[in-house]
Amino acid sequence: SLLAGVEAGRPESYSGQLRPLLSNAAIFGADLYGAGLGGHGERVESLFVEMLQGKGAVRRLLHRTVAGG
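Residues numbered from 1 in each chain as written. Predicted model: local features only at pLDDT ≥ 70, side-chain atom pairs only at ≥ 80, totals over all residues. Heavy atoms only, no water.

Caption draft 1: Broad picture of the side chain of Q17. You can see Q17 is positioned in the segment before α1 (19–22). Of the residues examined, Q17 reaches a relative accessible area of 16% and is grouped as buried. Polar side-chain contacts of Q17 include one of 2.5 Å to the backbone nitrogen of S15. Setting aside anything within four residues of it in sequence, one finds Q17 in contact with L2, L3, A4 and V6. (Helix = DSSP H or I, 4+ residues; strand = E, 2+ residues; numbered from the N terminus. Buried < 20%, exposed > 50% of the residue type's maximum accessible area, 1.4 Å probe, protein only. Polar contact = N/O pair within 3.5 Å; in protein donor to acceptor, adjacent residues only side chain to side chain. Contact = heavy atoms within 4.5 Å.)

The following block contains the structure:
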């Protein structure tokens, strides 16, 4: 239900819906937005939005990540 309204191919449909999940220390052992974590929550959100870009977006992200870019 957290991602209701988020649509592949429409990155603008994302508006922070992952934040409650990523800040849940019971799930991740820490609030990923918390002090000292170097922006991990924001990074996950950025990658998620990138994957929403459309057909092939996840593949491109994975290729770039594996290649170290």
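Caption draft 2: Looking closely at the pattern of salt bridges. All chains considered together, the criterion is met by four salt bridges. Here E12 and R10 are joined by a salt bridge, their closest N and O atoms 3.2 Å apart. We classify E12 as exposed; its relative accessible area is 54%. Taking the relative accessible area as the measure of exposure, R10 reaches 35% and is therefore partly exposed. Of the charged contacts in the structure, one is a salt bridge between R19 and E45, with a shortest N-O distance of 3.9 Å. You can see R19 sitting in helix α1 and its partner E45 sitting in helix α3 (residues 40–51), a full 26 residues away along the chain. Accessibility expressed as a relative area gives 40% for R19, which makes it partly exposed. (Salt bridge = Lys/Arg side-chain N within 4 Å of Asp/Glu carboxyl O.)

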